[in-house]
Amino acid sequence: MGHSPKVKAGIAINLDKNILGAALPLLQESIVETIEWSFDALYQHRNIPAWFVELLETYAEANALIGHGVFFSLFNANWTEKQTQWLEHLSKVHSHFHFDHITEHFGYMTGQDFHRGAPMPVPLNSTTLLLGQQRLQMIGDRVQCPIGLENLAFSFSKDDVKRHGDFLEKLVSKCNGFLILDLHNLYCQAFNFNIDPDKLLELYPLHLVKEIHISGGSWEDSSLSQDRIIRRDTHDNSVPQIVFELLQESLGKCDSLTHIILEQLGVGLISNKSKLQFKEDFIKMKNLVSKTEPNRHPPANRNRFSYTPHQTDKPSDNGIEDLKRQQGELSKLLESSISVPSLIDSLNTSSLARSDWSIENWDESMIETAYRIVQKWK
Amino acid sequence: MMKISKSLLKSIALGVAIGTLGTSCSSAIFTPILEDDVEIDADGNKIDSIETESETNPDTCEGDWDCPACGLG
């Protein structure tokens, strides 16, 4: 019997003065055990200050730097040059920093340029499963380190929410990958579809959780359904108590856990009050981890999630062509419809109707939410 | 415990204080992945519609309330 690896408590950092300003007191106290860096989010920068590189290198040398991709667009059926560039960039930064592990998000990005799009769910069928496995393999082949996927905060239907964990398990298992369990994402899904969060947690493959994220979010009114509010994963607020409760619950159940990360956007960390709250959230998170540590169940193999190259079956050409057409149509409708009712009408006569997208079961308030997000980012 | 050198902490504090992140070129490891979309002015600042839309923080994609950078913002 071995011992579970210690869980490292860390924060998501990037070249942002508000995030760094909030992180600085924690770094000064030497209590940040790991850093998560979105290596593809500095695409606007040509010049990076040497001290930022030194900070990343300091953590990398301690095997405490993890890479978190944002813009690969794992399920984009239409392979683009941008994705080739993304993989090349990943190879380059990984060869320099040697991430402990690398993760990406579930979904595909709308828009021709993914930086101007928003991540959307895909139908959970054999085409997307094989496509996702193929794409994970592309990442794994480049980096030869553990790779994982994060659960999505958004779905169009309750059925998709309930099936998400199972689908993630099938996706990552093929390459011996793991899951990032973002507890605020899970909370968003549970709240928006009126599911008990604890019960939803049970539907996830908790034995595959190597990393947990916690963060805050915001509320948005639905104009289609009176009195209904939608929980959004905007990462701009402190961590709500319910997410800490979910964390406590999860810590006892995720035996393979090695990293736990507090994420907050710089825009939510402008005031001194918000920076202090960030520090309090981090300490609360770290204390919860410390309390649970002695009770975690060994063994957990350190090499448990070593990347395993594998033979993947290719999705059928017809399946990919259908998916391309449907993703293109959905993106276009979300971007160009003049209103939500008009979007819903168009969807009902689109190639997504009576298909695996199951748009007939989509929640109209969630369609409105997707519309708002895409309108903002197009 | 994760010790960071005093000089590095000082540099971070200075970078945060002056608020101009990204002023000195460090190395070639950060070639932007979307160079064809990026125009840079003489001071090394990006000239692009995304950046001008982001009023709160032009430094990274994390500069807006609904950033998709962390899942579905």
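Everything numeric here is computed off the predicted structure, so don't read it as measured data.

1. Quick word on the overall build of chain A
And then number 1: When helices and strands are tallied, chain A shows twelve helices and twelve strands.
And then number 2: Reported as C-alpha extents along the three principal axes, the dimensions of chain A are approximately 60 × 50 × 45 Å.
And then number 3: Within chain A, the fraction of its 378 residues that count as buried is 53%.

2. Observations regarding the overall build of chain B
And then number 1: Helix and strand content of chain B: two helices and two strands.
And then number 2: Helices and strands in chain B line up, N terminus first, as α-β-β-α.

3. Some remarks on the sheet that holds strand E8 (residues 178-182) of chain A
All names here are of chain A.
And then number 1: Taking strand neighbours around the barrel as the criterion, the eight strands line up as E1-E2-E3-E4-E7-E8-E9-E12 in a closed arrangement whose pairing is parallel. Sheet twist, expressed as the average angle between the axes of neighbouring strands with direction ignored, equals 25°.
And then number 2: Bridge count for strand E7 (residues 147-150) against E8 is three bridges, and the pairing is parallel. Its bridge partner lying in E8, Leu149 is registered against Leu179.

4. Looking at the pairing of E8 of chain A
Residues and elements named next belong to chain A.
And then number 1: With five of its five residues buried, E8 lies for the most part within the structure.
And then number 2: A two-sided burial pattern is seen for E8, the buried positions comprising Phe178, Ile180 and Asp182 on one face and Leu179 and Leu181 on the other.
And then number 3: Note that the unit made of E7, helix H5 (residues 158-173) and E8 has a crossover that is right-handed.
And then number 4: In this sheet, strand E9 (residues 209-214) lies alongside E8 in parallel orientation, the contact comprising four bridges. Within the sheet, the bridge partner assigned to Ile180 lies in E9 and is Glu211.

5. Comments concerning unusual backbone geometry
Residues and elements named next belong to chain A.
And then number 1: In this model, Asn176 sits at a positive phi of 60°, which is unusual for a non-glycine residue.
And then number 2: Structurally, Asn176 is set in the loop between H5 and E8.
And then number 3: Take Asn176: there are 18 C-beta atoms within 10 Å of it, and that puts it in the partly exposed class.

6. Focus: the environment of Pro240 of chain A
Residues and elements named next belong to chain A.
And then number 1: Structurally, the position occupied by Pro240 is in the loop between strand E11 (229-232) and helix H8 (241-251).
And then number 2: On the basis of neighbour count, Pro240 is assigned to the partly exposed category, with 16 C-beta atoms found within 10 Å.
And then number 3: With 56 residues separating them along the chain, Pro240 and His184 place their C-alpha atoms 8.6 Å apart.

7. Thoughts on the packing of helix H1 (residues 17-28) of chain A against helix H1 (residues 6-18) of chain B
And then number 1: For the pair H1 of chain A and H1 of chain B, the least separation of the axes is 9 Å and the interaxial angle reads 150°. The angle between the axes of H1 of chain A and H1 of chain B places the two elements in the roughly antiparallel class. Between H1 of chain A and H1 of chain B lies a crossing of left-handed hand. Here H1 of chain A contributes Lys17, Leu20, Gly21, Leu24, Leu27 and Gln28 of chain A to the contact with H1 of chain B, which in turn contributes Leu9, Ile12, Ala13, Gly15 and Val16 of chain B.
And then number 2: Its residues assigned to classes, the contact of H1 of chain A with H1 of chain B comprises seven nonpolar, three polar and one charged.

8. Notes on the pairing of strand E3 (residues 65-68) of chain A
Residue and element names in this part refer to chain A.
And then number 1: Burial along E3 is two-sided: Leu65 and Gly67 facing one way and Ile66 and His68 facing the other are all buried.
And then number 2: Taken together, the three bridges between strand E2 (residues 34-37) and E3 define a ladder with parallel strand orientation. Bridging from a neighbouring strand, Trp37 pairs with Gly67 of E3.
And then number 3: The parallel pair E3 and strand E4 (residues 102-105), bridged by helix H3 (residues 81-97), forms a crossover whose chirality is right-handed.

9. Side note on the confidence of the model for chain B
Regions with low pLDDT carry predicted coordinates that are not meant to be interpreted in detail.
Residues and elements named next belong to chain B.
And then number 1: Mean pLDDT over chain B works out to 53, with 25% of the residues at or above the 70 mark.
And then number 2: Contacts of residues 48-73 to residues separated by more than four positions or lying in other chains number 82 contacts, the stretch itself having pLDDT below 50.
And then number 3: Across the whole predicted complex the pTM is 0.87, and at the interface the ipTM reaches 0.86.

10. Some points on the packing of helix H11 (residues 340-348) of chain A against helix H12 (residues 364-377) of chain A
In helix packing, the relevant descriptors are the interaxial angle and the interaxial distance, both defined with respect to the helix axes.
Residues and elements named next belong to chain A.
And then number 1: With their axes 10 Å apart at the nearest point, H11 and H12 run at an angle of 110° to one another. Put simply, H11 runs roughly perpendicular to H12. Taken together, the residues of H12 that come into contact with H11 (itself represented by Val340, Leu343 and Ile344) are Glu364, Ile367, Glu368 and Tyr371.
And then number 2: Its residues placed into classes, the contact of H11 with H12 shows five nonpolar, no polar and two charged.

11. A word on the environment of Ile4 of chain B
And then number 1: Relative to the elements of secondary structure, Ile4 of chain B occurs in the segment before H1.
And then number 2: Accessibility expressed as a C-beta count within 10 Å gives 16 for Ile4 of chain B, which makes it partly exposed.
And then number 3: Setting aside anything within four residues of it in sequence, one finds Ile4 of chain B in contact with Leu27, Ser30 and Thr58 of chain A together with Leu9 of chain B.

12. A word on the environment of Trp219 of chain A
And then number 1: Checked against the element boundaries, Trp219 of chain A lands in strand E10 (residues 218-221).
And then number 2: On a C-alpha basis, the gap between Trp219 of chain A and Val53 of chain A in space is 36 Å, while along the polypeptide they are 166 residues apart.

Rules behind the numbers
Residues numbered from 1 in each chain as written. Chains lettered and ligands numbered in written order. Predicted model: local features only at pLDDT ≥ 70, side-chain atom pairs only at ≥ 80, totals over all residues. Helix = DSSP H or I, 4+ residues; strand = E, 2+ residues; numbered from the N terminus. Buried ≥ 20, exposed ≤ 12 C-beta atoms within 10 Å, placed from the backbone. Pairing = 2+ DSSP bridges. Axes fitted to C-alpha atoms, helices over the stretch in contact; angles between N-to-C directions. Right-handed = clockwise from strand over helix to strand, strands pointing away. Parallel < 35°, antiparallel > 145°, perpendicular 65-115°, else oblique. Left-handed = near helix turned anticlockwise from the far one by under 90°. Contact = placed C-beta atoms within 7 Å. Nonpolar A, V, L, I, M, F, W, Y, C, P; charged D, E, K, R; others polar. pLDDT = per-residue confidence, 0-100.

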